[in-house]
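# Reading the structure
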Amino acid sequence: MALNIKPLSDRVIVEPAAAETQTASGIIIPDTAKEKPQKGVVVAVGNGKKDQPLTVKVGDTVLYGKYAGTDLKFDGKDYLIMREDDILAII
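Residues numbered from 1 in each chain as written. Predicted model: local features only at pLDDT ≥ 70, side-chain atom pairs only at ≥ 80, totals over all residues. Heavy atoms only, no water.

When helices and strands are counted, the protein shows 0 helices and 6 strands. Helices (α) and strands (β) of the protein occur, in sequence order from the N terminus, as β-β-β-β-β-β. The principal-axis extent of the C-alpha atoms belonging to the protein is close to 50 × 25 × 20 Å. Within the span of the protein, comprising 91 residues, buried residues form 27% of the whole. Long-range pairs, those at least 24 residues apart, make up 62% of the contacts in the protein with a sequence separation of at least 6. Of the charged side chains in the protein, 12 are positive and 13 negative; the average position of the first set lies 3 Å away from that of the second. (Helix = DSSP H or I, 4+ residues; strand = E, 2+ residues; numbered from the N terminus. Buried < 20%, exposed > 50% of the residue type's maximum accessible area, 1.4 Å probe, protein only. Contact = heavy atoms within 4.5 Å. Lys, Arg positive; Asp, Glu negative; His and termini not counted. Charge placed at Lys NZ, Arg CZ, Asp CG, Glu CD.)

Printed below as a string of structure tokens:
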């Protein structure tokens, strides 16, 4: 999972989890009805702000807001770059 991008300040790069293709009851979800995942794995972190270090680290599974972050495509993979404040919880 080594990534050659180093985010600045309090930003983190998250690899979103794959969207679910089937519900818990077994119903298959079509591509047009899939929701954007709100869970992912942190693959890179910045240094934090001068007076506030980051609490997340590489490898953490996190929950983030539905519209959080900026989409980033690097080496054929999709990532999100966001501020640590956009992360809601560490799982």
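Still more ground to cover, so stick around.
Time to look at the pairing of strand S1 (residues 11–16). Pairing geometry for S1 and strand S5 (residues 77–83), over 4 bridges, is antiparallel. Following the sheet pairing, Val14 is matched in S5 by Leu80. Pairing of S1 with strand S2 (residues 39–45) involves 5 bridges; the strand directions are antiparallel. Bridging from a neighbouring strand, Val12 pairs with Val45 of S2. (Pairing = 2+ DSSP bridges.)

This next bit is on the sheet that holds strand S4 (residues 70–74). Sheet architecture is open: 6 strands sit in the order S4-S5-S1-S2-S3-S6, paired in antiparallel fashion. Each end of this open sheet is capped by a strand with a single partner; those strands are S4 and strand S6 (87–90). If you compare each strand with its neighbour and ignore which way they point, the axes differ by 45° on average. (Axes fitted to C-alpha atoms, helices over the stretch in contact; angles between N-to-C directions.)

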